[in-house]
Amino acid sequence: MICLSVFVILVSISTSCLDQNEKDAFILTSEKATAQLIIDTNENQLVFTAARLFSDDINKIRGKQFELNATGDSVYQIKVGTLGLNPDFDQECEATGIAIDSLKGKREAYILKVTQNKGKHILYLVGSDPRGTAYGLMELSRTIGVSPWVWWADVKPQHKEEITLPANFYVEDSPKVKFRGIFLNDEDWGLQPWAAKTFEPETGDIGPKTYEKIFELLLRLKANAIWPAMHDCTRAFFTYPNNIKMADKYGIWVGSSHCEPMLRNNVDEWHRWNPTSGKRGNWNFDENPEQIAEYWKQRVDTAANYDGIYTVGMRGIHDGGMPGGKNLNDKVDILGNVLNKQRNLLSEIKEEEITNIPQIFCPYKEMLQLYKAGAKIPEDVTIMWADDNNGYIRQLSNLEERKRSGGAGVYYHISYWGRPHDYLWLESTPVSLIWEEMNKAYQTNAKNVWIVNVGDIKSNEIGTNFFLDMAWDPEQFIPESLDSYYSRFAETHFGKQYSNEIGEILREYFQLGFSRKPEHMGYNGVYPNTPIYDPEFFLFHNGDEVHQRIDAYDKLEKQVEKLYEKMPDNLKDAFYQLVAYKVIGVSNMNKKILYAYKSRTYTKQGRTSAGLYADKAKEAFERIKDATSFYNDTIAHGKWKHMMSYNPRELPVFDMPPTNTYHPIYENAGGIMPEGYLNPIAPNANSVSLPVFNSLTDRRYFIDVYNSGSKALKWGAKAEDSWVKISKTSGETKFDERIWVSINWNAIATNDTKQSKVLFKLNGQNYPVNIKALKSDWSVDNENFFVEDIGIVCIEAEGFVSVQNKTDGYWKRIQGLGRYSDAMGTFPVTAEPFDINDLSTAPELRYDFHTTSSGEVKLKFHCLPNQPINDCYKLRFAYSIDNAEPIIINAALNDEMNENNQEWKEDVLNAVRMRQNMDTLKEKGKHQLKITMIDPGVVLDKIEILMLGKPESEI
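Here goes a summary of the coordinates provided. From a predicted model like this one, the values you see are computed outputs, not experimental measurements. (Residues numbered from 1 in each chain as written. Predicted model: local features only at pLDDT ≥ 70, side-chain atom pairs only at ≥ 80, totals over all residues. Heavy atoms only, no water.)

## Let's talk about the sheet that holds strand β18 (residues 693-694)
Thought 1: One open sheet holds the five strands; their spatial order is β18-β25-β24-β20-β22, and the pairing between them is mixed. In this open sheet, the two strands that pair with only one neighbour each are β18 and β22 (730-733).
Thought 2: The pairing of β18 with strand β25 (residues 765-775) spans two bridges and is classified as parallel. Counterpart to Phe693 in the pairing with β25 is Ala773. (Pairing = 2+ DSSP bridges. Helix = DSSP H or I, 4+ residues; strand = E, 2+ residues; numbered from the N terminus.)

Listed below in structure tokens is the structure:
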């Protein structure tokens, strides 16, 4: 057996030098011993690539450079080999008790096992193929504390003088999805300028030096595929011959996006390409088949000896519709001709059976129409389903499609440029949504190719990490504990000391961002770009939703600032990239938009504080720019210069929004604004009231005292009765003060309704505010009991009092998928719809609620804006109040999704699809609501019951 030792022994010692603990543990490196890494010289270059990365990782932790060595006889050895390469190694593994038979026939599998025999301590690493062997080495790196993001996010591992493994260390693993990778896209504002100006100026582009780092990241994440960057700011991947060689070095399969057939980057290459005839012609296969076929052939010739995943079919030059044909049937025929030509070229040039060459067809946008119209996609081609660009998969395989030999895959977005609005800046797709959608894909047999659009990689690190973790093993995650991924991610990168706090910051960051992405805070659109509009958060209802959101983000921002200061120096750069910049950016985007909105609204109301909020908005704008400059110029000593931008594509939402300022006319002026009122209150108005106080909800309400004069406003407030509590009774304010009113329920008898007043005095005038409090005698026997308050019963879907699940269908909690908490989903994905004519056997959620009103009501169901699993399903469920006949609700889009569907646009921007129905409560008091499963794939977030004639809540 010819072996190559990769590690040199730093200190050569005998077994007798080791104490008992060291004898029990496997030593990778310490002051007393260093293991040797032994690899057959005939191994694939990918294995040596991974071995060198692992060697470098040991050095990052220990601080001593390891050298390559040809021989060695250390007490501690790491023997690495790929199954079937060397019979002697295979026999040795088998004799040691390693179940190598479990690896046979598997793709990319590996076993790691520590053994002790005759004074030798050996860690065997055996892979089913070179990728499996390489992934085993990368698993070792993870195990000893090296993050896959060690370079891409500067996660410096903790220094250790000794690196050991337990004596019983054993790992056996293999991926569940065949091809797992990323799509570099929309790189115009980050990755390309950074590569061209900072990292790879010698190329002036995303070239082999940059791709090597990208491929290293993929290898560390145990991914094996890429769709390269393809915007017109970037030269085509094959422009630089070393790009494909780098992919080969790191074991990466190179593919291309839905609009780039046959590994061609059309937007960069078609207009540069010169055919042998000298006449390029149009990009239209119906008119110009010979030139286009030659164009494809040249690329296949170049790529034939490398691992490629070939996109087949045809679209426009750059994400446009396929040209040619007068109608849908013509286009179906053209597509068939395209597929025949492409597949003939592939089999001829690669000299393989066409069924052995990985191919995908992506029914993206108009391609889905052609597919549904009858386009015949060859059996061995993978159907790669796409989402709607906002994270909701449009369609998955039906029962017949699941039988196809080519299987299925998914093209998924966590970053996007396009309608209804981009989200390219800060990651905002929670892991719960990725899980919900990709679990549906996995369960419907989409296990062949998973590609995620990550934009510029930064700042989509967490979503990328989760997507590829899930691609490796979707079954490791359960929906009830998805939020724990954030603390796990934090522990991996920042240690156990900080994991819980960072995990909670990330959980709330993603929940707030899911309810409204930072790039969507302008409530506007693109194509065409429109100016920003006022936010749809309430200023004067529900306790001031605007300020609640500002406060929530401000709390997170303060937490990350304190954590940054406490973070060890070696982790500060990583923390800023993975956590702090994201929180600071999204917090100040919200402050910028919402404070500017307050300034405009307060100016109309005559408040001197309008100018204060205008200044706060401008400060937030500058804070975003400063944080971005710090990211680019300071962290990692300027390593990421030109990577981050505070205004991708310079869209209106990134500009400073208009603000306004009120200029006082009088020295002394002002007034009050009770919660629920939009206009200033006249003095001595006797009809002004706060919402009714309810003992079961124990809410408080605010009254703003605001100044409209040039001098400070003196004011006083007094409650007429002692059971009314006010947070402050007097003051002198230059701007405004918020006074909170609450009730001392101990001073009110049960089942009593009390009325009182709070009297404000300012500028010699009286402002009475009526108070009404209702103390109920209702007994609440469980925490999940919902009551009418200000005319609304608001039920969070996870707040059920009971659930009746069945073996063939069930409701399950999906943690973190609601806009403000969790959500409830219907499973299994493969379940048959329940019979709408007999729902007695269907799974059922039950909710208890109580109303003080009766009569006509409006039910509003807040659902995830996803789409039915396929055409065999809808998104139906049924509801019933007080055992009435069930009413069927369908949460699917009313019309098929397309980029101009207004319902779809509003739904994905709001992260909710609203369905409503009118009903009647025959009497007030206690009621029960039943929600019954019909179709799998439904995700219910919240239910509101609105008493007719009462104000609706914010949607």
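## Some remarks on the packing of helix α15 (residues 496-515) against helix α16 (residues 545-566)
Angle between the axes and distance between the axes are the two parameters that describe a pair of packed helices.
Thought 1: Remark: α15 packs on α16, axes separated minimally by 11 Å, with the N-to-C direction vectors making an angle of 150°. Classified by the angle their axes make, α15 and α16 are roughly antiparallel. Pair α15 / α16 crosses with left-handed handedness. Of α16, the residues touching α15 (which contributes Tyr498, Glu501, Ile502, Ile505, Glu508, Tyr509, Leu512, Gly513 and Ser515) are Arg549, Ala552, Tyr553, Leu556, Gln559, Val560, Leu563 and Lys566.
Thought 2: Class assignment for the residues of the contact of α15 with α16 results in 10 nonpolar, three polar and four charged. (Axes fitted to C-alpha atoms, helices over the stretch in contact; angles between N-to-C directions. Parallel < 35°, antiparallel > 145°, perpendicular 65-115°, else oblique. Left-handed = near helix turned anticlockwise from the far one by under 90°. Contact = heavy atoms within 4.5 Å. Nonpolar A, V, L, I, M, F, W, Y, C, P; charged D, E, K, R; others polar.)

## Some details on the pattern of salt bridges
Thought 1: Tallying each qualifying case throughout the model produces 59 salt bridges.
Thought 2: The closest approach of N and O atoms between Lys591 and Glu557, which form a salt bridge, is 2.9 Å. With Lys591 in helix α17 (residues 569-604) and Glu557 in helix α16, this pair connects stretches of sequence that are 34 residues apart. There is no split in this pair, since Lys591 and Glu557 are both buried.
Thought 3: In the salt-bridge network here, residues are joined through shared partners; they are Arg315, Asp319, Lys365, Glu366, Arg419 and Glu899. (Salt bridge = Lys/Arg side-chain N within 4 Å of Asp/Glu carboxyl O. Buried < 20%, exposed > 50% of the residue type's maximum accessible area, 1.4 Å probe, protein only.)

## A short note on unusual backbone geometry
Thought 1: Along the chain, Arg419 connects to Pro420 via a cis peptide bond; the corresponding omega equals -5°.
Thought 2: Locating Pro420 in the fold gives a position in the loop between β15 (408-413) and α12 (431-443).
Thought 3: With an omega of 5°, the peptide bond running from Tyr527 to Pro528 counts as cis.
Thought 4: Topologically, Pro528 is positioned in the loop between α15 and α16.
Thought 5: Backbone geometry at Asp186 places phi at a positive 55°, although glycine is not the residue there.
Thought 6: Classification of Asp186 by relative accessible area gives buried; the value is 3%.
Thought 7: One non-glycine residue with positive phi stands out, namely His642, at about 80°.
Thought 8: Among the structural elements, His642 can be located in the loop between α18 (609-633) and β17 (670-674).

## Description of the pairing of β25
Regular strands have side chains that alternate between both faces of the sheet.
Thought 1: Here strand β24 (residues 752-762) pairs with β25 via 11 bridges, running antiparallel. Bridge assignment links Lys757 to a residue of β25, and that residue is Asn770.
Thought 2: The turn linking β24 back onto β25 is made up of two residues, and Asn763 within it adopts a positive phi angle of 55°.

## What about the side chain of Gln359?
Thought 1: Tracing the chain through its elements places Gln359 in strand β13 (residues 359-361).
Thought 2: Of note is the side chain of Gln359, whose polar atom sits 3.2 Å from the side chain of Asp380.
Thought 3: Excluding residues within four positions of it along the chain, Gln359 makes contact with Tyr310, Val312, Arg343, Leu346, Ile354, Asp380, Val381 and Thr382. (Polar contact = N/O pair within 3.5 Å; in protein donor to acceptor, adjacent residues only side chain to side chain.)

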